[in-house]
Amino acid sequence: MLTTEQKSIIKSTAPILKERGTEITSRFYQQLFTSHPELLNLFNQTNQKKGRQQTALAGAVYAAAENIDQLEDILPVVKQIGHKHRSIGVRPEHYPIVGEHLLLAMKEVLGSDATDDVLEAWKEAYGVIASVFIEVEEEMYQDASIQQGGWEGFKPFRVTHKVTESNAITSFYLEPVDGNVLPSFSPGQYISVQLQIEGETYTHIRQYSLSDAPNQNYFRISVKKESDHDPEGIVSNHLHERVEVGDEIPVSAPAGDFVLSTKDETPLVLISGGVGLTPLLSMLKTVVHLQPERRVTFIHAARNSQLHALKGEVTDLVKQIETIQNYTIYSDPTEQDEQSVDTYTGHITLEWLQEILPHNQMEFYFCGPTGFMNAVYSALQGWNVPEDRMHYEFFGPAKSLETI
Ligand code: HEM
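Residues numbered from 1 in each chain as written. Predicted model: local features only at pLDDT ≥ 70, side-chain atom pairs only at ≥ 80, totals over all residues. Heavy atoms only, no water.

Draft legend 1. Seen up close, the environment of His-240. With respect to the helices, strands and loops of the structure, His-240 is situated in helix H8 (residues 234-242). A residue is classified by how much of its surface remains accessible, and His-240, at 13% relative accessible area, is buried. Between the alpha carbons of His-240 and Thr-164 there is a distance of 9.3 Å; along the sequence they are 76 residues apart. Beyond its immediate sequence surroundings of up to four residues, His-240 is in contact with Lys-162, Ala-168, Ile-169, Thr-170, Phe-172, Val-223, Lys-224 and Lys-225. At a separation of 2.8 Å, a polar atom in the side chain of His-240 contacts the main-chain carbonyl oxygen of Val-223. (Helix = DSSP H or I, 4+ residues; strand = E, 2+ residues; numbered from the N terminus. Buried < 20%, exposed > 50% of the residue type's maximum accessible area, 1.4 Å probe, protein only. Contact = heavy atoms within 4.5 Å. Polar contact = N/O pair within 3.5 Å; in protein donor to acceptor, adjacent residues only side chain to side chain.)

Draft legend 2. Broad picture of the nonpolar core. Core analysis: the biggest nonpolar cluster contains 47 residues, and Leu-32 and Trp-122 have the highest contact counts within it. Those elements that provide at least two residues to this core are helix H1 (4-19), helix H2 (21-35), helix H4 (54-66), helix H5 (75-88), helix H6 (94-110) and helix H7 (116-146). Among residues more than four places away in sequence, those in contact with Leu-32 are Leu-39, Phe-43, Ile-97, Val-98 and His-101. Ile-329, Ile-348, Leu-357 and Trp-383 belong to the second largest nonpolar core, which has 24 residues in total. (Core = buried A, V, L, I, M, F, W, Y, C linked by side-chain atoms within 4.5 Å.)

Draft legend 3. Examining the coordination of the iron atom of the ligand more closely. Just one protein atom donates to the iron atom of the ligand; it is His-85 (NE2), sitting 2.1 Å from the metal. With respect to the helices and strands, His-85 occurs in helix H5. (Donors = N, O, S within 2.8 Å, 3.2 Å for Na, K, Ca; no water.)

Draft legend 4. Spatial organisation of the pattern of salt bridges. The final tally for this structure, using the stated rule, is 16 salt bridges. Of the charged contacts in the structure, one is a salt bridge between Glu-363 and Arg-389, with a shortest N-O distance of 3.8 Å. Within this pair, whereas Glu-363 is found in strand E11 (residues 363-368), its partner Arg-389 is found in the loop between helix H13 (370-382) and strand E12 (390-394), the two being separated by 26 residues in sequence. Assessed through its relative accessible area of 24%, Arg-389 is described here as partly exposed. (Salt bridge = Lys/Arg side-chain N within 4 Å of Asp/Glu carboxyl O.)

Draft legend 5. Layout of the side chain of Thr-323. On the secondary structure map, Thr-323 appears in the loop between helix H10 (311-320) and strand E9 (324-330). A polar side-chain atom of Thr-323 sits 3.1 Å from the main-chain carbonyl oxygen of Pro-292. Once you skip the residues sitting within four places of it in the chain, Thr-323 turns out to touch Pro-292, Glu-293, Arg-294, Arg-295 and Val-296.

Draft legend 6. Fine view of the environment of Ala-65. Note that Ala-65 resides in helix H4. The class of Ala-65 is buried, set by a relative accessible area of 0%. Setting aside residues no more than four positions away along its own chain, Ala-65 makes contact with Ile-10, Trp-122 and Ile-129.

Everything listed here is a matter of coordinates, which is why it stays silent on function.
Okay, structure coming up:
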């Protein structure tokens, strides 16, 4: 239990730690991976190299510490992170290791400011925060394993189809090797795949959204191949170039809280940029099945038709169901695209949304790269769409749109 004095130490030092966050977390990861190299099997090393994950973990610890009196207020964030942790395989026994190294790094970077009282208070606070995470995640592990067809950790899946969807995106259909039915998932959720890549010492884990509607037989992921020269693409390149039908890949049970709500019939707007299409396509296919009367506007932004994945699948649905409106906007159209009547040229703006949508009394779901997310978010804010009607997910480490 934290004493009142320790709580005030935490609150007064959290801002300093935040300010020196990158320094502390760089040191933290260095030491963590030196003492526990096996943890490199869990962490995304590309995010590490790019510094993307460096502040996320420690930043969340400091943010939680500032709310130490009312940790229930941050439960939604804990759950969001918990989904990711559960999907990757973070376990209770990992928490003390992270805590020890975070404290060591704080001590080193803060020098004489890190008095015994300060360190003791942070040790205590980390323990309280870690126990909230462990509890939330324990429940998630249990849910994943007791659900019909569910399992804990990773289990082998076989690639049954590999389909090219555009110049950059390929779909993989994955069926469980044990032949069991699949657990149901909510459209918008993702799975983690774990790859052992030749020449690499550690495994690589990545999350991919499920791009098809829930069904009992297969998961489908649609993966964008990152540029050949970019180190970022180690996993996507491996999947595109080396993984073939018949190969086995370890997969974890579906996770994530960016999910479609089907509790009412409020008109839906699903907006995607590039490969952000994948969770939204799963949502579209689900709503067509479960709520065929619900009005849906499906908006997809891509560079041009060459990079427009799964276009045929969306067009087929639109042909069958009158309640779907489908819009495509290309930022860099080919000559042929320019002549097409059903596509727009440019970027998503407030004016354009107001032109195609009758009003803003709708539920908005959006997903895509950072620039796209900023554009959509500020357009919707400019249109006074309330926060609770905007649902979104970033690729890569979670960020808050209000803070970027
Ligand atoms: C991801 C916070 C403990 C391993 C994250 C993210 C946050 C976070 C904010 C980013 C979430 C996202 O991208 O959506 C925390 C906090 C912890 C904690 C506050 C302690 C209270 C741990 C522990 C481990 C761990 C004990 C395991 C050793 C990971 C991994 C990721 C992650 C592997 C995925 C990021 C990547 O691979 O780049 N965590 N975490 N975390 N965390 Fe934690």
